[in-house]
Amino acid sequence: MAPKPPSSLSGEANAPIRRSSGSSYDTNSVTKTNSTSGGTSSKGSSSGGKRGILRSRRGSQADSSDVDARESSAGKSTASTTVDEEGQKKRDRKVCMIRGAMISTLLVATVVVAALTYVYVHNDEESNFHDQYRDSVSKVAEAFQHGIEIKHDSASTFSAMYTSRYGNAAQDLSVWPNATMPDFQQQAEGQLKLAESRALSFNPIITQDVNRLEWEAHATESAYILESEALVNPPPGSTWPDNRTVAFGIYSRDSEGNIVYDPGYAPTSRYPDVMVPVWQIAPIDTNVKAVMFNLHSESNRERALDDMLFYRVPALTAILQLVQDTDLRPSSILFYPVFDEFNSEIPNIERTVVGSVSIVFSWDTLLASILPDYIKGMTCVLQSSIGQTYSYSISGDTVTLLGEGDMHDPKYHDMGSTVKANLGNTEELLGQVDNLITYKLSIYPSQEFEDLYVTNRAGIYTAGVVLIFVCTAALFLLYDYLVEDRQQKTARLARQTSTIVDSMFPAAFRERLYKSQGKVGASARSSSQNSERRPSEDTLLASNTTGGMANGKADKRRSQSPGISNGEKRRSTTMGAKMTLKQIDKFMKGIVSAPSDHQTAFTHGEDDEPIAELFLDTSIMFSDIVGFTKWSSERSPNEVFKLLERLFWKFDEIAERQNIFKLGTIGDCYIAVTGIPDPIDDHATVLTQFAFDCRQKVEEVCAELDAEGLDTSKLSMRFGIHSGAITAGILRGTKSRFELFGDTINTASRMESTGRAGLIQVSEETAELIRLDRKEKWLHKRDELITAKGKGKMQTYWVEPGRDGNRVSFLDAVDDSLTEAKILRMSEETSSSDKYYNQYRDSEYDEEKTEETPDNGFDVIVEVNNAEAEDEEKQTEQKPSEAFKIPTDDNV
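Remember, predicted model here, so these are calculated numbers, not experimental data.

Calculation criteria
Residues numbered from 1 in each chain as written. Predicted model: local features only at pLDDT ≥ 70, side-chain atom pairs only at ≥ 80, totals over all residues. Heavy atoms only, no water. Salt bridge = Lys/Arg side-chain N within 4 Å of Asp/Glu carboxyl O. Helix = DSSP H or I, 4+ residues; strand = E, 2+ residues; numbered from the N terminus. Buried < 20%, exposed > 50% of the residue type's maximum accessible area, 1.4 Å probe, protein only. pLDDT = per-residue confidence, 0-100. Contact = heavy atoms within 4.5 Å. Pairing = 2+ DSSP bridges. Axes fitted to C-alpha atoms, helices over the stretch in contact; angles between N-to-C directions. Phe/Tyr/Trp six-rings, centres within 6.5 Å; stacked < 30°, edge-to-face > 60°.

*Asks:* Explanation requested: the pattern of salt bridges in the structure shown.
*Replies:* Pairing between side chains of opposite charge can happen when their charged atoms approach one another. Throughout the structure, instances matching the rule amount to 28 salt bridges. With its nearest N and O atoms 2.4 Å apart, the salt bridge here joins Glu800 to Arg695. Of the two residues, Glu800 is situated in the loop between β24 (796–799) and α18 (810–813) and Arg695 in helix α15 (residues 683–707); the sequence distance between them amounts to 105 residues. Relative accessible area serves as the criterion here: at 7%, Glu800 is assigned to the buried category. For Glu784, the salt bridge goes to Arg782, with nearest N and O atoms at 3.1 Å. Like Arg782, Glu784 is buried. Three or more residues joined by partner-sharing salt bridges are found here, namely Lys642, Arg646, Glu704 and Glu708.

*Asks:* Honestly, the confidence of the model for the protein chain in this entry has me stumped. Any pointers?
*Replies:* It should be kept in mind that the predicted coordinates are not to be read in detail where pLDDT is low. This prediction gives the protein chain a mean pLDDT of 74; 68% of its residues lie at or above 70. Overall, residues 803–820 carries pLDDT values under 50, and its contacts beyond four positions in sequence, including any with other chains, amount to 28 contacts. Contacts of residues 822–892 to residues separated by more than four positions or lying in other chains number 201 contacts, the stretch itself having pLDDT below 50.

*Asks:* Which parts of the structure should I look at to understand the sheet that holds strand β10 (residues 376–384)?
*Replies:* Strands sit in the order β12-β11-β10-β14-β13 across an open sheet of 5 strands; the sheet is antiparallel. Each of the sheet's edge strands pairs with one partner strand only, and the pair in question is β12 (398–404) and β13 (417–420). Adjacent strand axes in the sheet meet at a mean angle of 25 degrees, parallel and antiparallel pairs treated alike. Relative to strand β14 (residues 439–444), β10 runs antiparallel, the two being bridged by 6 bridges. Bridging across to β14, Ser384 finds its partner in Tyr439.

*Asks:* Could you clarify how one ought to interpret the packing of aromatic side chains in this entry?
*Replies:* How two aromatic rings sit relative to each other is given by the distance of their centres and the angle of their planes. In total, this model carries 21 aromatic pairs according to the counting rule given. Judged by centre distance (5.7 Å) and plane angle (55 degrees), the rings of Phe129 and Phe449 are tilted. Of this pair, Phe129 sits in helix α2 (residues 69–166) while Phe449 sits in helix α9 (residues 447–453), and the two are 320 residues apart along the sequence. Overall, the relative accessible area of 1% leaves Phe129 in the buried class. According to the relative accessible area criterion, Phe449 is buried, its value standing at 0%. Considering the side-chain rings of Phe248 and Tyr261, the 6.2 Å spacing of their centres and the 85 degrees angle between planes classify their relative orientation as edge-to-face. Pair noted here: Phe248 is in the loop between α4 (212–221) and β3 (251–253) and Tyr261 is in strand β4 (residues 259–261), with a separation of 13 residues, a long-range link. Among the aromatic residues, ring-to-ring pairing joins Phe129, Tyr133, Tyr412, Phe449 and Tyr453 into one connected group.

Spelled out as structure tokens, the structure:
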């Protein structure tokens, strides 16, 4: 319950709105007003405003439905917000889809490019691997065959030397087998190097019963030609078998490996009585013990010698392990036949094989020094036709015996390449002979060889590509995050700025201001470019205009005109141009980019008309804290602002809920208005209900703060409301402000200043509107007239609204007993309101001495008379002269 007003009121007829001198916000507002001085002018204005209001009511009566403009506006605002949110969600979804598509594209591109890179590099390495393998195979095969041919040719050369020197054509009588070549060592030395062989020897063919003894005698006599003293005279102190000489004769080894005189018989041979002893051999120093050894006595050599004798072609022995080799080293002997004469031109005469030239070699010499140093890990498998198999590994010029058997990697079995060892034209002469021992070399790559060419380069390149794409994606995501963060910050700043701008300017005026700013900014940029100056997108409007209606073109700015219906009321249009963030920021900071000639950037043109409109049906409320000046002088700034912020924040919540337009605050004065910017029918009733709710909040907030020790229990608030026409617009300049002009404002200020603590005082015009809304029970006529400066005597009312706050349309207020005379009288009042409107538009008002309100982002024009201003605390201490009681719920 509001406190009871004083019983008497005196000395406050012309009291203006005042600010506490001891508070942190202390100023006297001085402004120009458009009101006329004198009681007659005031009454005329009031009467005209009343007729305009009634006429608007008649328009509402003509409409069959009572439109709740406030709820409709709130609904539209909510719907607009919902649409904006839905649109923003759609845009966010599109952005997310684009972002997802981009990431997916990068992912797919990463996979595709990485796969292509891996396949390309891997295939390139595989191709290089196969090319190098084929090239290496070609080199090994060529070297292998070339080594066999060199050995064949060396043996053939020595065979021809013996035939040439001791053949039938050179001797009158045959000397075979008693042939000993002088200087054998010197002649064999070059051939050994050329054939890369370990030994070269001449071996005569001896028959047991025919010429063995004769040849042994010849060997004893010619031993000195062999160039080894040990073969002629035993070394001093030597024992058997080291003291054996040529004179011992042809020898062999028994089954136990002991040296024995050769029996001259080989039971397993095709030629069992044939002996093939080693006679001349080079180098003699390392092979001296081999002299006189019967080669035909050893099984592997026996077969090759039989093939040579039988087929009369060169033959290879099986793989042997030579006695001088302690480690495993596969070797073989090439036997080349020595004929008694060269090819004879006499038909039916065959040549006789009288001896053989043997070349001893190891198979690894055929594979050495073939490949370049960068080739490593080639696997070669040597196979004989009798099943002997040995494996080698070739790395550059180094050959390593892997061991006996086929030891190539099965993974590369299909890549194997085979080359056969061809001894001269043996195959051409004989074809495929099963008995001859032949050799083939199978060549395979190894893992070591593959690793030289098939490396992890494909994986590295692929990882590099993936890393590039990952970095690109990371940079994209980082850029997207930074852009998104910047956009969110910009959006937050824009929302904050928009919230501030929204709180300072109504939507319709705000949009027109944006349009005006955009045009001025474009004009300023064009002017700057023409003068070769840096373009500015932040040029703001500097207005040199004053408040009020635009001369000659105010009709275009009016939100209401005589005779307009509710359905035709003007609504805000969509803003046609947007301000940049910098423009808004500078606009909020009051920064103006002024031209160099220090003239204003605002130009008076058809597109730059003042932003102002006339609102005929409005109500404005002034409220002021009683006792604030004294209380604030005893409190710290934090405590003062704690009271004001908490109280006015509650007022703001109520205003937002009830769609009340908050005009602003001046110190401890809170000013609100209805009918601006959205016209509504019951603006007076709505504002009265708002004042009642604010009064309740004053009691609650003061009680809360008093409990916190701020001693606010004695504080209260008085409210004053007046209804009428108001000119509203944006006064542009370095700090653009939303201004209200008109006598209605001054009258509303008088309602507050002449009121009492805890009460709501309204003017006659406002009371009439409340009656039309069937809320006459709210009204309690004040006993005495008040005296308001510029108005004279005025009848006012105390208002105590009901708590339900329900509003009733005008049609409900017209009962069936309304006479035609009353309707006619209301029609006349409607006609006279048109005259009032024209008079109001074109009238000029006398100026009174005023002061400008301090800059707080908006201006409210209120008249102040400092000479007659009195301290507001004194008003609460005076005794009222009238008896007045707040009606209870029972009698309301």
